[in-house]
Amino acid sequence: MAVNMELGMTVPPVGLNLFIISGIVREKLEEVTKGVVPFIVVFILVLIVIGVSHDLSLWLPTYLSE
């Protein structure tokens, strides 16, 4: 859920984190978006891996409950 929420906060056009970063560094939103694209790709790949592999996504809760 955390990876999915961060992806939602980073992806345009609603990405609140993009607006915050744009205001801090005083760059255009388009420039910030270009710099964030590699991270968006990684977020999507991680989300796919977690969604497909149930064993991987449930490993930590299972480990902590034992």
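Scroll up to find the structure.
Residues numbered from 1 in each chain as written. Predicted model: local features only at pLDDT ≥ 70, side-chain atom pairs only at ≥ 80, totals over all residues. Heavy atoms only, no water.

## What to know about the pattern of salt bridges
Close approach of charged atoms allows side chains with opposite charge to pair.
Argument step 1. Taken as a whole, this structure holds one salt bridge when the rule is applied.
Argument step 2. With a closest N to O distance of 3.8 Å, Lys 34 and Glu 31 form a salt bridge. Within this pair, Lys 34 and its partner Glu 31 are both found in helix 3 (residues 29–52), separated by three residues, close to a single helical turn.
Argument step 3. Using a relative accessible area of 57% as the deciding quantity, one classes Lys 34 as exposed.
Argument step 4. Glu 31 gets classed as partly exposed once you look at its relative accessible area, which sits at 43%. (Salt bridge = Lys/Arg side-chain N within 4 Å of Asp/Glu carboxyl O. Helix = DSSP H or I, 4+ residues; strand = E, 2+ residues; numbered from the N terminus. Buried < 20%, exposed > 50% of the residue type's maximum accessible area, 1.4 Å probe, protein only.)

## Digging into helix 4 (residues 54–65)
Argument step 1. A rise of 1.5 Å per residue sets the reference length of helix 4, with its twelve residues, at 16 Å; its end C-alpha atoms lie 16 Å apart and thus fit the reference within 8%.
Argument step 2. With respect to burial, helix 4 is a largely exposed element, only zero of its twelve residues being buried. (Expected span 1.5 Å × (residues − 1).)

## Details of the side chain of Thr 10
Argument step 1. As for its position among the elements, Thr 10 is in helix 1 (residues 2–10).
Argument step 2. A polar contact is formed between the side chain of Thr 10 and the backbone oxygen of Glu 6, at a distance of 2.7 Å.
Argument step 3. Sequence-distant contacts of Thr 10, that is, excluding residues within four places in its chain, are made with Gly 15, Asn 17, Leu 18, Val 36, Ile 40 and Phe 43. (Polar contact = N/O pair within 3.5 Å; in protein donor to acceptor, adjacent residues only side chain to side chain. Contact = heavy atoms within 4.5 Å.)

## Some details on the packing of aromatic side chains
Pairs of aromatic rings are described using the distance from one ring centre to the other and the angle between the two planes.
Argument step 1. Summed over all chains, the structure comprises one aromatic pair.
Argument step 2. Relative to Tyr 63, the ring of Trp 59 lies with its centre 5.5 Å away and its plane at 15 degrees, an arrangement referred to as stacked. Residue Trp 59 and its partner Tyr 63 are both found in helix 4; the two are separated by four residues, about one turn of the helix. Here the two residues Trp 59 and Tyr 63 agree in accessibility, since each one is exposed. (Phe/Tyr/Trp six-rings, centres within 6.5 Å; stacked < 30°, edge-to-face > 60°.)

## Quick notes on the packing of helix 1 against helix 3
Argument step 1. In the contact formed by helix 1 and helix 3, the axes pass within 10 Å of each other and the chain directions differ by 150 degrees. Looking at the two axes, helix 1 sits roughly antiparallel to helix 3. Seen along the crossing, helix 1 lies across helix 3 with a hand that is left-handed. Facing helix 1, whose interface residues are Val 3, Asn 4, Glu 6, Leu 7 and Thr 10, helix 3 presents Val 36, Ile 40, Phe 43, Ile 44, Val 46, Leu 47 and Ile 50.
Argument step 2. Among the residues forming the contact of helix 1 with helix 3, the class breakdown is nine nonpolar, two polar and one charged. (Axes fitted to C-alpha atoms, helices over the stretch in contact; angles between N-to-C directions. Parallel < 35°, antiparallel > 145°, perpendicular 65-115°, else oblique. Left-handed = near helix turned anticlockwise from the far one by under 90°. Nonpolar A, V, L, I, M, F, W, Y, C, P; charged D, E, K, R; others polar.)

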